[in-house]
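Examining the three-dimensional arrangement
Given next are the chains, with one letter for each unit.
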Amino acid sequence: MSADQPLFRVVRGVPTAEELAALVGAIIVRSRPSAAPAPTTTSAWARSGRPAARTTWRTAGLPR
């Protein structure tokens, strides 16, 4: 595809400038890669109550 060729064309109908702008906006939004959601961090307090944690409040009183 060369720079002179349009990326898309209207095959039927006569769209208004607003309709073309909405179409271009929708195509641009759909073509962008979606951002991955930011990983949530777990607080130390929440991690301390989980069984997989080695130093939890439950094991703090046990002999070492």
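Everything numeric here is computed off the predicted structure, so don't read it as measured data.

Helix and strand counts for the chain come out as 2 helices and 0 strands. Within the chain, buried positions represent 3% of all 64 residues. Of the roughly 6500 Å² that the chain leaves accessible, carbon and sulfur atoms contribute 61%.

Together, Leu7, Phe8, Val10, Leu20, Leu23, Val24, Ile27 and Ile28 give the surface a local cluster of nonpolar side chains, amounting to about 660 Å² of exposed area. Structurally, Ile28 is set in helix 1 (residues 17–31).

Moving on: the environment of Phe8. Position of Phe8 relative to the elements: it lies in the segment before helix 1. Sequence separation of Phe8 and Val24 is 16 residues, and the distance between their C-alpha atoms is 9.5 Å. Beyond its immediate chain neighbours, meaning those up to four positions away, Phe8 contacts Leu23, Val24 and Ile27.

Calculation notes
Residues numbered from 1 in each chain as written. Predicted model: local features only at pLDDT ≥ 70, side-chain atom pairs only at ≥ 80, totals over all residues. Heavy atoms only, no water. Helix = DSSP H or I, 4+ residues; strand = E, 2+ residues; numbered from the N terminus. Buried < 20%, exposed > 50% of the residue type's maximum accessible area, 1.4 Å probe, protein only. Areas by Shrake-Rupley, 256 points an atom, 1.4 Å probe, with all protein chains shown as cover. Patch = residues over 30% accessible without salt bridge, like charges linked within 9 Å, V, L, I, M, F, W, Y side chains within 5 Å. Salt bridge = Lys/Arg side-chain N within 4 Å of Asp/Glu carboxyl O. Contact = heavy atoms within 4.5 Å.

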